[in-house]
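Examination of the molecular architecture
As a plain string of letters, each chain reads:
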Amino acid sequence: MIMAAGGLDQYLVANSLRFNPGDSAYLNKTPSSSGDRRTFTLSYWIKECGKGSSPYNNPHILWSGTGSSTRGGFVHRGTGGDAGKLYLFNQVSTSTNCQVWTSALTEDYSVWRHIVLSVDTNQATSTDRVKIYINGVQETLTFSTTPARYLDLQININQEHRIGRGTPDDYGNYYIADLHFVDGTALDASSFGETVDGSWVPKDCSGDLTYGTNGFYLKFNNTSDLGEDSSGNDNDFTALGLNASGDIQYSNDLTASGGGFTLSSTAADAFDGSLTSAAYGPSGGNLTWAPSPAISYSTSVEVYPLQSPNDSASLNGGTAVSLTMDQWNTVDTGSGTITSLVVSDAANKPCIAGIRVDGYILVDLSPADTDVSTDTPTPFDDEGTGTGNYCTLNSLNKSPTVALSEGNLKYTTTGDSPTVAMGTIAVSSGKWYYEAVCTLSPHTPPVLAVGFTNTETYVLAAWVSGGNPYSTGIYAYSLREGIGYQNGSSTYPWTDAGAVDAVIGIALDLDASTLAFYKDGSLLDTMTSLVSGTYTPFIVADASFTAGACSTTVNFGQRDFEETVPTGYKALNTYNLDDTEITSGEYEGNADANGPVIWMNATPATLRISSTNDPPEAGDAVTFDPDDVDPLAGGFKIRNSSTNNGSGTTYYWSAPTTESAFKYANAQTNE
């Protein structure tokens, strides 16, 4: 137990595991024998990142079977009318004998929620055979195909089981934590969570659960074994496409040995996955790769030489193997550990265009690709900047041409006009820090703005790196009043325009009303006299100047910051948030079905909205509806292009709350 934020005596969930569809990431295991296929329980905490789009329509939590005819699993529906519903499916020889899903929808990507699937097909009453709990509450289910009594499901059978990938290849797009599978017992939510001071939180299950033969408990705390089972059963999963700590598993530390020669092309060319460019060593010399730490393999190590016809390769100082260029060559089979791989050529430049281990091409990863995260449902003091549920970019609050990935920490746009993505957490007091790195831009310097925006007085406060028509510098711009501000005046834009891969630090001090910007740890400039209000982090980029995409990664503290955090500044996570609830305010409509997101730092219990009454009156009450307005863990979202959302119209709102503040809140079910 720990003393968590606000004094909650709470069990600590230390880590989560992030699944990014573009990485084809998943865990897999084939049980040596079948367990109880009629009675079992699945429990986990999840922070979803978006609805998904083809082919990632139905992010799979647990899936059994790799074929298209006999399979089964538990899925978060991704698109269409069922988007946001939880779905249990079972099929044998193309005959579907179980389809069950929740009636309620959930589309809230700012916070964690707890899911329990409890199955017991031995029950005489058909509706008792499957139960699903969300945040401790049993859900109303739709039984499209009711499981027969004594039905053996395809879950817990001796065939491949996957976490994060289904059939066909639908990959997960979420963070997951504290995952339990109990073989042989149907449990309710109280076995895994509890209510503390009105909040549903994880609880310590150690010693209380009997996991059964095929049961497992995944904590994701062992970075050298991401699928390690902590139940005592040693039912470990194998991690595929998942990376424990940035570039620790896959490295680009290629070095040329002998005579002080340097590489004639970048080492990263050997790890870009393209096989059309290579890292080269000196003519008649060696090219050495020494991964740190060493990389284990279980079936094979292969290299792909390019252009050099006389290359040979030796693994760990062993016998050299002759290589044929422009194809994969096996250097070793079986199992072992790679400590060094040397490619030599007696006459020409040795080269490596790619390295493949156990059938997977190694690619160079940045810290943003780290899949183990301290983003979890338990806010607590880590004796650093605090931790818990972290800010990310918000799938519900972005321009249509913006694509979010890497756990909503990577922004990519091909839009031909400035496109924006907002963060999931807003602040109105205190000192806050985050970092942004432009990783790809079609324009030099990047046309990019990062900072905070005050949505109450509509002030955009940003560091801007760009060329004509965007002058580089610090800007505050009132969208409502049309008043601009640049570096204290309009007379001196920066000479430093920024660059791709530069680390931009953003330090907001709302107590002193300042906003400072850093580049690679050095202070660029400070904006003073910020107006008071609630500020949300954002990114704006423009890919219109030349063809191509613009990409930026952000770090709100869920991984180590690249640069030293200014003294006294905190990471944007729920441990550091106060409990102040915002119960009234105003917003400006945009006449879009994807309307504004309003931050309250709490969940609204009721809602009133008016364009004329300030404050709104009893007759201005709004009914929550997924086509009109949705409650969120941290506020609400307008869903209608006309109702309460006229373009340029100011709306006044009031929303008393009965839920706890955002730092303890769980993802909300749409009404």
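Remember, predicted model here, so these are calculated numbers, not experimental data.

Scoring rules and cut-offs
Residues numbered from 1 in each chain as written. Predicted model: local features only at pLDDT ≥ 70, side-chain atom pairs only at ≥ 80, totals over all residues. Heavy atoms only, no water. Helix = DSSP H or I, 4+ residues; strand = E, 2+ residues; numbered from the N terminus. Buried < 20%, exposed > 50% of the residue type's maximum accessible area, 1.4 Å probe, protein only. Contact = heavy atoms within 4.5 Å. Areas by Shrake-Rupley, 256 points an atom, 1.4 Å probe, with all protein chains shown as cover. Polar contact = N/O pair within 3.5 Å; in protein donor to acceptor, adjacent residues only side chain to side chain. Pairing = 2+ DSSP bridges. Axes fitted to C-alpha atoms, helices over the stretch in contact; angles between N-to-C directions. Phe/Tyr/Trp six-rings, centres within 6.5 Å; stacked < 30°, edge-to-face > 60°. Salt bridge = Lys/Arg side-chain N within 4 Å of Asp/Glu carboxyl O. Lys, Arg positive; Asp, Glu negative; His and termini not counted. Core = buried A, V, L, I, M, F, W, Y, C linked by side-chain atoms within 4.5 Å. pLDDT = per-residue confidence, 0-100.

Some remarks on the overall build of the protein chain
- Along the protein chain, the regular secondary structure elements total zero helices and 55 strands.
- Residues counted as buried form 56% of the 671 residues belonging to the protein chain.
- In the protein chain, the proportion of contacts linking residues at least 24 apart, taken out of those at least 6 apart, comes to 70%.
- Counting every atom, the protein chain has about 25,100 Å² of accessible surface; 45% of that belongs to carbon and sulfur.

Some points on the environment of N454
- Among the secondary structure elements, N454 is positioned in strand β39 (residues 448-454).
- When its relative accessible area of 0% is taken as the criterion, N454 is described as buried.
- At 3.1 Å, the side chain of N454 and the backbone oxygen of S532 are in polar contact.

Regarding the sheet that holds strand β49 (residues 597-599)
- Reading across from one edge, β49-β53-β52 is the order of the three strands in this open sheet, with antiparallel pairing throughout. On the outer flanks of this sheet lie β49 and β52 (629-632), each paired with one strand and no other. For this sheet the average axis-to-axis angle between neighbouring strands, irrespective of direction, equals 20°.
- Pairing of β52 with strand β53 (residues 635-638) involves four bridges; the strand directions are antiparallel. Bridge pairing in β53 places V629 opposite I638.

Observations regarding the packing of aromatic side chains
- Applying the stated rule across the entire model yields 16 aromatic pairs.
- Look at Y87 and W101: their rings are 5.8 Å apart centre to centre, the planes differ by 45°, and that puts the pair in the tilted class. Of the two residues, Y87 is situated in strand β8 (residues 86-92) and W101 in strand β9 (residues 95-102); the sequence distance between them amounts to 14 residues. There is no split in this pair, since Y87 and W101 are both buried.
- Following the ring pairs from residue to residue traces out a cluster consisting of F40, F181, F216 and F237.

Focus: the pattern of salt bridges
- Under the definition given, this model contains nine salt bridges.
- Measuring nitrogen to oxygen at the nearest pair gives 3.0 Å for the salt bridge that ties R38 to D152. Here D152 lies in the loop between β13 (141-145) and β14 (161-163) and R38 lies in the loop between β4 (26-29) and β5 (39-48), a separation of 114 residues in the sequence.
- A residue is classified by how much of its surface remains accessible, and D152, at 31% relative accessible area, is partly exposed.
- Here R162 ties to E160 by a salt bridge, and the two come within 3.2 Å at their closest N and O atoms. E160 carries the same exposure label as R162, and that label is buried.
- Connected through shared salt-bridge partners, R18, D371 and E406 make up one network.

Comments concerning the pairing of strand β10 (residues 113-120)
- Buried residues dominate β10, accounting for eight of its eight residues.
- Residues R113, I115, L117 and V119 line one face of β10 and the alternating positions H114, V116, S118 and D120 line the opposite face, and both faces are buried.
- Where β5 meets β10, eight bridges bridge the pair, whose relative direction is antiparallel. Bridging across to β10, T41 finds its partner in S118.
- As judged from the five bridges shared by β10 and strand β11 (residues 130-134), these two strands associate in the antiparallel manner. Note on β11: the bridge partner recorded for V116 is Y133.

Focus on the side chain of D120
- Mapped onto the fold, D120 is located in strand β10.
- The buried charged residue D120 lacks any salt bridge partner; its closest oppositely charged side chain belongs to R149, at an N-O distance of 8.0 Å.
- Separated by 3.2 Å, the side chains of D120 and T39 make a polar contact.
- Setting aside residues up to four positions removed in sequence, D120 forms contacts with R38, T39, D128, R129 and A186.

A word on the sheet that holds strand β24 (residues 300-304)
- Ordered by their spatial adjacency, four strands build an open sheet running β27-β24-β31-β32, and the pairing between neighbours is antiparallel. Either end of the sheet is taken by a strand with one partner, and the two such strands are β27 (329-333) and β32 (360-361).
- Relative to β27, β24 runs antiparallel, the two sharing four bridges. Residue pairing in the sheet places V303 in a bridge with N329 of β27.

A few points about the pairing of strand β16 (residues 193-196)
- Pairing between β16 and strand β17 (residues 199-202): four bridges, direction antiparallel. Looking across to β17, one finds that T195 is bridged to W200.
- Hairpin connection, β16 to β17: the antiparallel pair is bridged by two residues, and D197 has positive phi, about 50°.

Remarks on the nonpolar core
- Counting 71 residues, the largest nonpolar core has I506, L607, I609, F636 and W653 as the members making the most contacts within it.
- With residues up to four places along the chain from it excluded, the contact list for I506 reads W432, Y433, Y434, E435, A436, V450, G451, F452, L515, A516 and F517.
- Core analysis: the next-biggest nonpolar cluster, separate from the first, contains 37 residues, I61, C98, I155 and F216 among them.

What to know about unusual backbone geometry
- Omega for the bond connecting D614 with P615 falls within 30 degrees of zero, at 10°, which places this linkage in the cis form.
- Mapped onto the secondary structure, P615 falls in the loop between β51 (608-610) and β52.
- Here D234, not a glycine, exhibits a phi torsion of approximately 60°, which is positive.
- Looking at where D234 falls in the secondary structure, it is placed in the loop between β18 (216-218) and β19 (238-240).
- Residues other than glycine seldom take positive phi values, yet D520 does so here, at roughly 50°.
- Along the chain, D520 turns up in the loop between β44 (514-519) and β45 (522-527).

A short note on the confidence of the model for the protein chain
- Considering every residue of the protein chain, the mean pLDDT works out to 83; 82% of them sit at 70 or more.
- Of the regions scoring below 50 in pLDDT, residues 1-8 engages in 22 contacts with residues more than four places distant in sequence or in other chains.
- Overall, residues 246-253 carries pLDDT values under 50, and its contacts beyond four positions in sequence, including any with other chains, amount to 29 contacts.

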